[in-house]
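Fold and geometry: a report
Okay, here's what each chain looks like letter by letter:
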Amino acid sequence: MNINHMKAFIEVAKSGGFQLAADRLHITQSTVSARIKVLETQLGRQLFVRKREGCELTVAGRHFHRFAYTAVRAWEQARQEVALPEELNAVVTLGVQMNHWERIAPAWVDTMQLRAPDVGTRVVADYSENLLTDLSDGLIDLAITYIPRQQAGLACELLMEDQLVLASTAPRKVTKHWQQDYVFVDWGAEFRAAHSLAYPETRAPRLSVGMSMIGLDYILKYGGAGYFSARTIEPLLKTGQLHLIEKAPTFQRPVYLLHPLVAIDAELLEVAKKGLKDVVKDKVNQSSGSDDGI
């Protein structure tokens, strides 16, 4: 199958229309239609239901979407790695759960550039479930996730543990119900379950965010409260920009490091793992001195 055909398929599925897909791909609508027709002929299945207001995936289209997406991503990564400049011998790709992007990724990249100057680095930020899929598909070399996936061919180890605390821009006491200015930071499925048990009488928050830094930036700008990593907000607590809410429940959030048991380049994987662990250790040493995580 042609990669460009699958790119057209993915874009039509995303945009919901052939003309929109053509505009985004900078080709004509007839070209997009022809590429989809070729795929449908090769697969022997209709991939889209055409409607006046647009189109939507058929059952066969939904099944094919995952394979097409993986194939296109694998091709793009292969093209990038094969076309390495002469001064680079390899590329290592790290997948980071989005809440740990700013805390880990820049320091890890700096560490890799110092320890392995002939190796290129690539960092992908995403949710844990997507990172595990990419790791299983071979699109990334190692991943930092909230999910301790036990899977054949993958190694999983505890990297660190976050303590999540409730903090506010103004001193206050904990209540049974969320306050109007409460920002719900989604730390994953386990956190959502524990949070529901701790606050069974709460209503849906006005604002929910998938990245803690977005939530933190928001309450620092507009005021409010939310659950954040204790170590991340420690400097803000010391300066009085944030205040811990008294008697509020705290939550532990384990963070795991996953990688293939058998790597294409085992030596390079060890360098990348060691760099990650040293970054975590340095963050701990820079904080108050406790040893329960970043």
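Up top is the structure.
Presented here is an overview of the structure given in this document. (Residues numbered from 1 in each chain as written. Predicted model: local features only at pLDDT ≥ 70, side-chain atom pairs only at ≥ 80, totals over all residues. Heavy atoms only, no water.)

In this section: the overall build of the chain. Helix and strand counts for the chain come out as 10 helices and 11 strands. Taking the principal axes of its C-alpha atoms as reference, the chain extends roughly 65 × 50 × 35 Å. A buried classification covers 43% of the 294 residues belonging to the chain. Long-range pairs, those at least 24 residues apart, make up 72% of the contacts in the chain between residues at least 6 apart in sequence. Within the structure as shown, the chain displays about 15,900 Å² of accessible surface, and the carbon and sulfur contribution to it stands at 53%. (Helix = DSSP H or I, 4+ residues; strand = E, 2+ residues; numbered from the N terminus. Buried < 20%, exposed > 50% of the residue type's maximum accessible area, 1.4 Å probe, protein only. Contact = heavy atoms within 4.5 Å. Areas by Shrake-Rupley, 256 points an atom, 1.4 Å probe, with all protein chains shown as cover.)

So, about the environment of Leu236. Relative to the elements of secondary structure, Leu236 occurs in helix α9 (residues 230–239). With a relative accessible area of 14%, Leu236 lands in the buried category. In sequence terms Leu236 and Leu220 are 16 residues apart; their C-alpha atoms lie 9.8 Å from each other. Sequence-distant contacts of Leu236, that is, excluding residues within four places in its chain, are made with Leu216, Leu220, Gln241 and Leu242.

Taking 1.5 Å of rise per residue, the 15 residues of helix α5 (residues 101–115) would be expected to cover 21 Å, and the 21 Å separating its terminal C-alpha atoms lies within 8% of that figure. Within α5 the residues assigned to the buried category are Arg103, Ile104, Ala105, Trp108, Val109, Thr111 and Met112. (Expected span 1.5 Å × (residues − 1).)

For the rest of this paragraph, the subject is the packing of aromatic side chains. Per the counting criterion, the structure on display carries 10 aromatic pairs. Between the aromatic rings of Phe191 and Phe251, the centroid separation amounts to 5.3 Å while the plane-to-plane angle is 85°, which identifies the pairing as edge-to-face. Residue Phe191 is located in helix α7 (residues 189–198), and its partner Phe251 is located in strand β11 (residues 251–260); the two are separated by 60 residues in the primary sequence. Note on Phe191: relative accessible area 2%, which makes it buried. One aromatic cluster is present, built from ring pairs that chain together Phe184, Phe191, Tyr199, Tyr227 and Phe251. Above the ring of Phe67, the side-chain terminus of Arg66 is found at 4.5 Å from the ring centroid. The positively charged end of Arg253 is found above the aromatic ring belonging to Tyr146, 4.2 Å away from the centroid. (Phe/Tyr/Trp six-rings, centres within 6.5 Å; stacked < 30°, edge-to-face > 60°. Lys NZ or Arg CZ within 6 Å of the ring centre and 35° of its normal.)

Next up on the list: the side chain of Ser229. For Ser229, the location among the structural elements is in strand β9 (residues 225–229). A distance of 3.5 Å separates a polar atom in the side chain of Ser229 from a polar atom in the side chain of Arg103. (Polar contact = N/O pair within 3.5 Å; in protein donor to acceptor, adjacent residues only side chain to side chain.)

Side chains bearing opposite charge may pair, as long as their charged atoms lie close to each other. Throughout the structure, instances matching the rule amount to 13 salt bridges. Across the pair Asp186 and Arg192 runs a salt bridge, and its minimum N-O distance is 2.9 Å. Given a relative accessible area of 24%, Asp186 falls into the partly exposed group. One salt bridge connects Glu270 with Lys273, and the closest N-O pair in it is separated by 3.4 Å. Highlighted residues: Glu270 and Lys273, both in helix α10 (residues 266–286), separated by 3 residues, approximately one helical turn. Classification of Lys273 as buried rests on a relative accessible area of 10%. Counted as one network, the salt bridges with shared partners bring together Glu157, Glu270, Lys273 and Lys277. (Salt bridge = Lys/Arg side-chain N within 4 Å of Asp/Glu carboxyl O.)

Two strands pair when backbone bridges link them, and strand β3 (residues 90–97) and strand β4 (residues 119–126) are joined in this way by 8 bridges, in the parallel orientation. Bridge pairing in β4 links Thr93 to Arg122. Following the chain from β3 across α5 to the adjacent parallel β4, one finds a crossover that is right-handed. (Pairing = 2+ DSSP bridges. Right-handed = clockwise from strand over helix to strand, strands pointing away.)

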